[in-house]
Amino acid sequence: MSTPVPDPDLSANELKRKPEDGFAGATSAPTSNPNSKRLKASPGSQESGDTPSFLDELIAEEQEQQGGGSAELGRGLHKRPLVPQIDPEQDSLAFQWMDIDMYAGDPLRENPCVGEVVPGSSDKPVPIVRLYGVTELGNSVLAHVHGFTPYFLCSIPRSFKPEDCGTFRRALNTMVEQNSRKSSEPIRVHVLAVEIVERQSLLGYHGDVAAQPFLKIHVAMPTLVPTCRRILEQGFGCPGYGSLQYQTYESNMPYVLRFLIDNSIVGCNWVECPAGTWKMRRGHGQKQGRCQIELDIVYTQLVSHKPEGEWMKIAPLRILSFDIECMGRKGHFPEAEKDPIIQIANTVTVQGETKPRSKTIFVLDDTTDIVGVRVDVSHDEKDLLARWTQYVVEADVDLLTGYNIQNFDLPYILNRAKALNIHSRVAELGRLVNVKATMKDATFSSAAFGKRTDVETTIKGRIVFDMIKYMRRNHKFSSYTLNAVSAHFLGQQKEDVHYSIISDLQRGSPDDRRRLAVYCLKDAYLPQKLM
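This report concerns the structure included in the present document. (Residues numbered from 1 in each chain as written. Predicted model: local features only at pLDDT ≥ 70, side-chain atom pairs only at ≥ 80, totals over all residues. Heavy atoms only, no water.)

On to the environment of Tyr403, then. Mapped onto the fold, Tyr403 is located in the loop between β18 (399-402) and α7 (405-419). Here Tyr403 falls in the buried class, since its relative accessible area comes to 2%. Taking the C-alpha atoms as reference points, Tyr403 and Tyr470, separated by 67 residues in sequence, lie 9.9 Å from one another. (Helix = DSSP H or I, 4+ residues; strand = E, 2+ residues; numbered from the N terminus. Buried < 20%, exposed > 50% of the residue type's maximum accessible area, 1.4 Å probe, protein only.)

Core analysis: the largest hydrophobic core is formed by 42 residues, its most contacted members being Phe322, Ile324, Ile341, Ile344, Leu385, Trp388 and Ile413. Elements that contribute at least two residues to this core include exactly β14 (318-326), β15 (341-350), β16 (358-364), α6 (381-395), α7, α11 (502-507) and α12 (510-530). Residues in contact with Ile413, not counting those within four places in the same chain, are Phe322, Ile324, Ile341, Ile344, Leu385, Trp388 and Val426. (Core = buried A, V, L, I, M, F, W, Y, C linked by side-chain atoms within 4.5 Å. Contact = heavy atoms within 4.5 Å.)

Turning our attention to the sheet that holds strand β6 (residues 212-219). The antiparallel open sheet is built from four strands, whose spatial order is β5-β6-β4-β9. Whereas interior strands pair on both sides, the edge strands pair on one side only; in this sheet they are β5 (191-199) and β9 (248-249). Across eight bridges, the pairing between β5 and β6 is antiparallel. Bridge pairing in β6 links Ile196 to Leu215. Helix-sheet contacts for helix α2 (residues 165-179) involve β5 and β6, and the interaxial angle to β5 is about 130 degrees. On top of the sheet, helix α3 (residues 225-234) reaches β4 (151-154), β5, β6 and β9; it is set at about 10 degrees to β4, its chief contact. (Pairing = 2+ DSSP bridges. Axes fitted to C-alpha atoms, helices over the stretch in contact; angles between N-to-C directions.)

Let's shift gears to helix α10 (residues 482-489). Among the eight residues that make up α10, seven are buried, leaving the element largely enclosed by the rest of the structure. Buried within α10 we find Leu482, Asn483, Ala484, Val485, Ser486, His488 and Phe489. Buried residues along α10 sit against α9 (467-474) and α12. Positive phi shows up at Gly491, right after α10, with a value of about 70 degrees.

Attention now goes to the layout of surface pockets. One way to see where empty space is left: roll a probe the size of a water molecule over the atoms. Its boundaries defined by the atoms lining it, the largest pocket holds a volume of some 610 Å³. In terms of lining, the largest pocket is formed by 22 residues, of which the most central are Leu108, Arg109, Lys279, Arg281 and Asp296. Looking at the lining of the largest pocket, the elements with two or more residues in it are β1 (93-105) and β11 (278-280). Taken together, the residues of the lining of the largest pocket sort by class into nine nonpolar, five polar and eight charged. Looking at the second largest pocket, its volume works out to about 510 Å³. Along its surface, the second largest pocket is lined by 21 residues, and Gln406, Glu456, Thr457, Ile463 and Val464 are the ones closest to its centre. Considered class by class, the residues forming the lining of the second largest pocket number eight nonpolar, four polar and nine charged. (1 Å grid on protein atoms, 1.4 Å probe; cavity = no way out; pocket = protein on both sides within 12 Å on 5 of 7 lines; lining within 4 Å. Points joined across faces, edges and corners; volume = space filled by probe spheres on them. Nonpolar A, V, L, I, M, F, W, Y, C, P; charged D, E, K, R; others polar.)

Structure representation (structure tokens):
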């Protein structure tokens, strides 16, 4: 079980939970690298002595929204726009993708593009790519992309002829079948095809030879590639050519990366499903996920747009910035197995807009109202965590951010849910039904940043973007506390609540918990402003 990771770059008095508050050095401005580009402070920001309080900002936003006829904007409205009428036969659908994965499923029975066949195997299981994205109107999309088969290359025996490909395929298929692990869903044909292609090897010097022949081997599932590679490299006997050791190429490339490269899809660019080439999934019986639009398309029909001209635009992505507060024991770093979560603050912002669409805080026990903020009161911690998960799902956010959320907030929420025996209710944060968020320890090492061990949380269909990681990789500061970084870029700091009184405020009156809620909200608000 992954647990919150203490940050080696921050002392115990600088850790986010919440020892950075009230200690010497916690509010000192970081020293920036003279060669790095310094971001400008937001318009209207003032020196700390003259900066309006966070409550003043909330009141000003509420008054502005009331003047514009949108008094409910900050408090409750956080859902996506309705999906317009779409006819797959007549309308194309373009979206900016922002997450990708793959799964093993059934082959597509027929190509939505009339008259076209579905490439790949007709036997299950087959690999299917899932692309998650957002349209220009702000609707969420889940596209199931079919027909792309895993493959790799290997050296070719001398005097090998095209008519020998069938013999090679059958012999290799037999060996792979004998050496493959038994799966829950048996594969009938392991090696689907072998063909001769012209390529140029990057190994060695080849003079003026532009290309040379290689064998391109297609397999049924990505998990079969390592088995094929091992058989070929250790020595494989093909009838008519004896036992030979083959050099393999591109056999360690992940399937999803292979898909992106071959289809000229780059990070978060726009892809388009032309009219007449895709089919909409409707109803719970067909849909796997919670996106507003779910569709099937064959990979050969999917159009990838280069990020230039009109396709440089950014979709109205929905960004959730959140922060949690724990009721810790004196002298102890909070532990999910023992210390409850008492508040979770959230702001939902749409890319391109300066003000949050929604400001919501989930609190434990009665709390006085906060202007412009929806205060969601629970009297049971299990209910609080379940309601927060429901909020994330209903808001259908594309990106989760905050400060140190990868190493603290997200692992703490998931581990706390396990301790309360409600993990299945709380961990379903992604865009796939009945699929839970997962955690694993990840190690990053480089000459510039040294070696770090972080907790990596995967939420299907949503991106986790931790602002503290961005700051470390792009700026040289003496301190990376939220207080110090916010003072440097925004001219703002956290609310004046010392970490040692958080538990006392929680045990106090509704007004005391309101004070703590404002503090928690500011900690969620600042990372969103830093973006």
